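# Breakdown of the fold
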Amino acid sequence: MRFSSVLAALSAVGSALAQQTYTNPVLWYDLADLDVFRKGNQYYYSASTMSFSPGAPVLRSGDLVNWEFIGHSVPRLDFHDTAYDLADNKQAYVRGIWASSMQYREYDDTFYWIGCVDFKTTYIYKAKDPAGDWSKVGEIGTCYYDCGMLFDGQSIYVAYGNTKISVAQLNNDFTQKSTTQVYSSSFYIEGSHMKKINNKYYIFVTQPASNEYVLKSDSGPLGPYEIKIFTKAPASGIQGSGNPHQGSVVDTPKGDWYYLSFIDAYPGGRSPALAPFVFDAQGWPSLKQANGFAIANPYPVPPVPVKSTTGTDSFTGPKLGPQWEWNHNPDTTSFSFASGGGLMLKTSSVTKDLYHAKNTLTHRILGPDSTATIALDISRMSAGDQAGLALFRDNSAYIAIHNNAIILQRDLTLGANWNTLSLGRTETSVSLPQGTKTVWLRLHADIKPAGSHQGVFSWSADGKTFKTLGTPYTMNTTYYFFIGYRFGIFNFAEEKLGGSVTVKSFDLALGSK
Ligand SMILES: *[C@@H]1O[C@H](CO)[C@@H](O)[C@H](O)[C@H]1NC(C)=O
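This report concerns the structure included in the present document.

Reading the values: rules and limits
Residues numbered from 1 in each chain as written. Predicted model: local features only at pLDDT ≥ 70, side-chain atom pairs only at ≥ 80, totals over all residues. Heavy atoms only, no water. Buried < 20%, exposed > 50% of the residue type's maximum accessible area, 1.4 Å probe, protein only. Helix = DSSP H or I, 4+ residues; strand = E, 2+ residues; numbered from the N terminus. Pairing = 2+ DSSP bridges. Disulfide = S-S within 2.5 Å. Near = heavy atom within 4 Å. Polar contact = N/O pair within 3.5 Å; in protein donor to acceptor, adjacent residues only side chain to side chain. Areas by Shrake-Rupley, 256 points an atom, 1.4 Å probe, with all protein chains shown as cover. Nonpolar A, V, L, I, M, F, W, Y, C, P; charged D, E, K, R; others polar. Axes fitted to C-alpha atoms, helices over the stretch in contact; angles between N-to-C directions.

Counting buried positions along strand S20 (residues 270-279) yields eight of 10 residues, so the element is predominantly enclosed. The turn linking strand S19 (residues 257-264) back onto S20 is made up of five residues, and glycine 269 within it adopts a positive phi angle of 115°. Of the pairings in the sheet, the one linking S20 to strand S21 (residues 285-287) comprises three bridges and is antiparallel in character. Residue pairing across strands places phenylalanine 277 opposite leucine 287, the latter belonging to S21. Remark: five residues form the turn of the hairpin made by S20 and S21, two consecutive strands paired antiparallel; glycine 283 in that turn has positive phi of roughly 90°.

Turning to the state of the cysteines, a few remarks are in order. Enumeration over the complete set of coordinates arrives at one disulfide. Disulfide pairing places cysteine 116 opposite cysteine 143 at an S-S distance of 2.1 Å. The disulfide joining cysteine 116 to cysteine 143 has a torsion of about -105° about its S-S bond and is therefore left-handed. Taken together, the residues span a long stretch of sequence, with cysteine 116 in strand S7 (residues 110-117) and cysteine 143 in the loop between strand S9 (135-140) and strand S10 (148-152) at a distance of 27 residues. Taken as a pair, cysteine 116 and cysteine 143 share a single burial class, namely buried. Between cysteine 147, a cysteine without a disulfide, and cysteine 116, which holds the nearest cysteine sulfur, the sulfur-to-sulfur distance is 7.5 Å. What makes cysteine 147 buried here is its relative accessible area of 2%.

As a structural note, the neighbourhood of the ligand is formed by Asp394, Asn395, Asn476, Thr478 and Tyr480. Contacts to the ligand include asparagine 476, whose side-chain N or O atom sits 2.4 Å from an oxygen atom. Within the side chain of threonine 478, a nitrogen or oxygen atom sits 3.3 Å from an oxygen atom of the ligand. When isolated, the ligand has an accessible area of 360 Å², and the protein chains bury 40% of it. Of the residues that constitute the shell around the ligand, the class distribution is one nonpolar, three polar and one charged.

This part covers the pairing of strand S29 (residues 385-392). For S29, the buried fraction is high: eight of the eight residues fall into the buried class. Here eight bridges tie S29 to strand S38 (residues 486-493), and the two strands are oriented antiparallel to one another. Each residue of the ladder has a partner; that of glutamine 386, found in S38, is phenylalanine 492. Two strands pair when backbone bridges link them, and S29 and strand S30 (residues 395-402) are joined in this way by six bridges, in the antiparallel orientation. Residue pairing in the sheet places alanine 387 in a bridge with isoleucine 401 of S30. The turn joining S29 and S30, which pair antiparallel and follow one another in sequence, is formed by two residues.

What the four strands build is an open sheet, ordered S2-S3-S4-S5; its pairing is antiparallel. Of all the strands in the sheet, just strand S2 (35-39) and strand S5 (67-74) have a single pairing partner and so form its edges. The average angle at which neighbouring strand axes cross in this sheet is 25°, direction not considered. In this structure, strand S3 (residues 42-46) lies alongside strand S4 (residues 55-61), joined through four bridges in antiparallel fashion. Paired with tyrosine 45 across the bridge in S4 is leucine 59.

Further remarks concern unusual backbone geometry. The residue after asparagine 24, namely proline 25, is reached through a cis peptide bond having omega -5°. Residue placement: proline 25 occurs in the loop between strand S1 (21-22) and S2. Cis peptide bonds are those with omega within 30 degrees of zero, and the linkage from proline 208 to alanine 209 qualifies with -10°. One can find alanine 209 in the loop between strand S15 (200-207) and strand S16 (211-217). Phi angles above zero are rare outside glycine, and asparagine 89 is one such case at about 60°. Mapped onto the elements, asparagine 89 comes out in the loop between S5 and strand S6 (101-105). Positive phi is not limited to glycine here, since alanine 233 has a value of about 35°. Examined against the element boundaries, alanine 233 turns out to sit in the loop between strand S17 (226-231) and strand S18 (245-251).

Encoded structure:
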């Protein structure tokens, strides 16, 4: 439950009439290019993950405000390119999964995900249980750029494209039957979300990164479509953020409509913002209030609590929680769960380059600011190994154990084509007390768009007293990397494989400690 709703709940004790309200972003995590839908009284959410693996997280909510991670639609980035495995000296940062679509198909009682990868192939995955195992259905040898899928009885439609918007019709086996250009815009649009509401067809599109338009056809899925503004540069309510845009629409069981979009809020990434909307007599939808995002709106349906992502993860296995993603496809032979808890990370790459190290385990940073603390058993590290906690993006910094010292490494960068430009420099190095077996590493990150953008690293030999290491690192706020800053836990070898560490716990707390 969010802080504002706790306050609202407390004030409700004094006034039976007080209504619980939510504020945006409803979940301050990087979950961009979302698609959302309802099945019964459950809402489902899909988002972009680029090169991170597993890809396309699935979230679930009972009220559109409180969301929990339940799984991933793409278990492994199985895209016919070893770059996704960080193999053959290749990297896949900024490639992979973006602006894809997840929907539920009543016809065969199955959840489907669809997305274009590398501008050339569209992949389809499915699952009976969205929290369970997903498997590949097939591939279509063309790119459905920024796609939105619609299941209409037995028919399957996919709206896609930029400026020229097309609708593909798929066969029952998810091969392409036909594709038709249904609209050509006089200005740039993308991010299609296709819906059928009261026998009219809609394609919501964005004029990035501020306005949302809607195409409507009263005739059929292939048009003809007319266009109208849905909302023009709405305020988000978050100081310094962009406008909510590129959203998906969903109704409640009562028939109220909501628009869930995302706001650019770097350095943290792009986070979901929710607002109610209505239809006019002709079926044109528009946001109820111009500032529908900025004000505290009442809950769409009574709050339904979800599993929190804050607190301590002790890695008890047998699988990682669905909030975790590796930097690329992991080397699954190099990590395991220790008996009694803890994630054992064997070194899996011989490199001096964090960006090229396999098996960096990442967690989104919780906004507006939060603190991650890991307890690390370092007793089986080898000479030259580096294990630690990173502020991970195309401009990065990290705290690590390296040859019995604690170091602060900063100014690592990716450059052209998202290949490594700089390994960074070691700002500070402090010797570890003799015989230290467990070290605690901590990172406080302020991702408010109008905040300090600073990451502060500290460490402890007893888990109680922490000492700050080096000077604060200022995060970069450019958007080109798309994915926002993440906490990254890593272990790589500079000399040879064989060493390991055990991440005994990861603790995430809102604010600073
Ligand atoms: C931020 O990152 C971009 C690349 O995404 C780079 O061009 C720019 O120089 C960086 N800014 C700073 C202040 O380091």
